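Next come the chains, spelled out residue by residue.
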Amino acid sequence: MVVPTFCCSSVIESILAVGACPVLADVGDELNLTARTVEPALTKRTRAIGVPHLFGNPAEIKSIMELARGRDIRIIDDAAQAVGASLDGQYLGTFGDAGILSFGNEKVCSGLGGGVFISRHREILEQGAEVELAAADLSLALRTLSSTLIWHRWRRWSVPLQEALQTSSSTDPESLPPPYRKESMSNLKAAVASSLMKSLQANLAARRLRVRAYQGLLGNERLILVPHRPSSACLTQVIRIMPKFSGHDPASDLIASLRIAGFEVQGSYIPIHLLAPYQHLAVRSFPHAEKIWTDLVELPCEPGVSLEQVERIVSIVKQTLRRS
């Protein structure tokens, strides 16, 4: 199965768990897969291409579907980060053979976790229904709810506290997250997700407004704003800060400054093939991902970040650039 080298290790573990072999592909300028980056990764053994829409921004899934046409290759439309986004008037998750939506606490509809598998094809849905899942753990769902209400809702204060309490091993950039739980979605998680879907359009409008604010306030600075398409779900606004010389790392300086100010930010994905457990997947080079990943910073776009806070974030970005 072909997936981008910009992906979560849990995705790789999920592919390995079903006995499939993940094959990595590079990303394009928008940090998504493109037909140009996917084509070199295809072989006679390729059976599926997973097309995630990273940061809420629609990938070029139509051209990837065209590339796969006539090759007996399934297309998985991974809209986990892009619930509500669309491409040419069609919702993401509904392209290809099957789609995925997610309601984790770092997604567009920031819920208690769980996801949805969708398809237009009855036979695929029937095959999916045959997958054995453990019963939902209600106690875990309740603990997640408590954590979300306290830690996530007030994370401008809770995140610095959590970082202060973390051990050095837990902050290791190569430490892997726990694997996804193979269980049914609890009624509690489903109820929260259903509730969030009712306010989805207002959620997306607020996120798009924040992206436009970043674009207007940072458009003339010494950085690159990774563009969002008009129909993007705008999970985050990724910026690329160009180092002036070898060893210069303004992205790390910016992340540190924003965290001190109480903003939850992070660098973008470490290319999966650079992590020790997955270096064996690097059967080819991925020049674009390898060149840019250390320069990337994800700025928050969720409605809970006010426009005044966006201006404060931009001010810190500009101060960091002046110092660098």
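So, about the packing of aromatic side chains. The final tally for this structure, using the stated rule, is 2 aromatic pairs. On the numbers, 6.2 Å between centres and 40 degrees between planes, the contact of F6 with Y269 is tilted. Of this pair, F6 sits in the loop between β1 (2-4) and α1 (9-17) while Y269 sits in the loop between β11 (266-267) and α10 (287-292); the two residues are 263 residues apart in sequence, bridging distant segments of the chain. The buried category is assigned to F6, whose relative accessible area is 0%. What makes Y269 buried here is its relative accessible area of 19%. An aromatic cluster is present here, built from F6, F55 and Y269 joined pairwise through their rings.

What follows deals with the sheet that holds strand β10 (residues 236-241). If you walk across this open sheet you meet the 4 strands as β9-β10-β12-β11, and the pairing is antiparallel. Looking along the sheet, the strands with just one partner apiece sit at the ends: β9 (223-225) and β11. Against the sheet, helix α9 (residues 250-260) contacts β10, β11 and β12 (296-300), and its axis sits at roughly 25 degrees relative to β12.

Turning to its location among the elements, N203 is positioned in helix α8 (residues 200-218). Polar side-chain contacts of N203 include one of 2.9 Å to the backbone oxygen of V108. One polar contact links N203 to R207, side chain to side chain, over a distance of 2.8 Å. Setting aside residues up to four positions removed in sequence, N203 forms contacts with V108, C109 and P303.

Once that is clear, we can look at the pairing of β10. Buried residues dominate β10, accounting for 6 of its 6 residues. Every second residue of β10 is oriented toward a common face, with T236, V238 and R240 on one face and Q237, I239 and I241 on the other, all of them buried. Examined bridge by bridge, β9 and β10 share 3 bridges and lie antiparallel to one another. Bridge pairing in β10 links L223 to I241.

As a further point, take the nonpolar core. Counting 32 residues, the largest nonpolar core has V38 and I49 as the members making the most contacts within it. Those elements that place two or more of their residues in this core are α2 (35-38), β3 (48-52), α3 (61-68) and α8. Broken down by element, this core gets its largest block of residues, 4 residues, from α3. Contact partners of I49, with chain neighbours within four places excluded, come to M1, V2, L33, V38, L42, I64, A68, I73, R74, I75 and I76. Counting 25 residues, the second-largest nonpolar core is a separate cluster that includes L218, L254, L258 and I313.

Now for the packing of α8 against helix α11 (residues 307-323). Axes are the key here: two packed helices are described by the angle between their axes and the distance separating the axes. Close contact between α8 and α11 brings their axes to 10 Å; oriented N to C, the two are set at 35 degrees. Every pair of crossing elements has a handedness; the one defined by α8 and α11 is right-handed. Packed against α8, whose contacting residues are L209, R210, A213, Y214, L217 and L218, the element α11 presents L307, V310, E311, I313, V314, V317 and K318 at the interface. Of the residues belonging to the contact of α8 with α11, the class tally is 10 nonpolar, no polar and 3 charged.

So, on to the pattern of salt bridges. Opposite charge on two side chains lets them pair, provided their charged atoms get close. As enumerated under the stated definition, the model contains 5 salt bridges in all. A salt bridge links R229 to E30; the nearest nitrogen and oxygen atoms lie 3.3 Å apart. Of this pair, R229 sits in the loop between β9 and β10 while E30 sits in the loop between β2 (23-25) and α2, placing them 199 residues apart in sequence. Given a relative accessible area of 22%, E30 falls into the partly exposed group. Between R74 and D97 there is a salt bridge whose closest N-O contact spans 3.3 Å. Highlighted residues: R74 in strand β4 (residues 74-78) and D97 in the loop between β6 (90-91) and β7 (98-102), separated in sequence by 23 residues. Judged by its relative accessible area of 16%, D97 is buried.

Taken as a whole, the second largest pocket encloses approximately 200 Å³ of empty space. Together, M65, A68, R69, G70, R71, D72, I73, R74, I75, G96, D97 and H121 line the second largest pocket. Each residue belonging to the lining of the second largest pocket can be placed in one class, and the counts come to 4 nonpolar, 3 polar and 5 charged.

Next up on the list: empty space enclosed by the protein. Evaluation of the coordinates by the stated rule reveals 1 cavity of 30 Å³ or more. Put simply, the largest cavity is a space of about 40 Å³.

Another aspect to go through is the pairing of β4. One ladder, built from 5 bridges, connects β3 with β4; its direction is parallel. By the bridge assignment for β4, V51 is matched with D77. Between the parallel pair β3 and β4, the chain is carried across by α3, and the sense of this crossover is right-handed.

With that settled, the discussion passes to the environment of D29. Tracing the backbone shows D29 in the loop between β2 and α2. Sequence separation between D29 and V226 is 197 residues; the distance between their C-alpha atoms is 7.5 Å. The contacts of D29, once residues within four sequence positions are left out, are V226 and H288.

What counts and what doesn't
Residues numbered from 1 in each chain as written. Predicted model: local features only at pLDDT ≥ 70, side-chain atom pairs only at ≥ 80, totals over all residues. Heavy atoms only, no water. Phe/Tyr/Trp six-rings, centres within 6.5 Å; stacked < 30°, edge-to-face > 60°. Helix = DSSP H or I, 4+ residues; strand = E, 2+ residues; numbered from the N terminus. Buried < 20%, exposed > 50% of the residue type's maximum accessible area, 1.4 Å probe, protein only. Pairing = 2+ DSSP bridges. Contact = heavy atoms within 4.5 Å. Axes fitted to C-alpha atoms, helices over the stretch in contact; angles between N-to-C directions. Polar contact = N/O pair within 3.5 Å; in protein donor to acceptor, adjacent residues only side chain to side chain. Core = buried A, V, L, I, M, F, W, Y, C linked by side-chain atoms within 4.5 Å. Left-handed = near helix turned anticlockwise from the far one by under 90°. Nonpolar A, V, L, I, M, F, W, Y, C, P; charged D, E, K, R; others polar. Salt bridge = Lys/Arg side-chain N within 4 Å of Asp/Glu carboxyl O. 1 Å grid on protein atoms, 1.4 Å probe; cavity = no way out; pocket = protein on both sides within 12 Å on 5 of 7 lines; lining within 4 Å. Points joined across faces, edges and corners; volume = space filled by probe spheres on them. Right-handed = clockwise from strand over helix to strand, strands pointing away.

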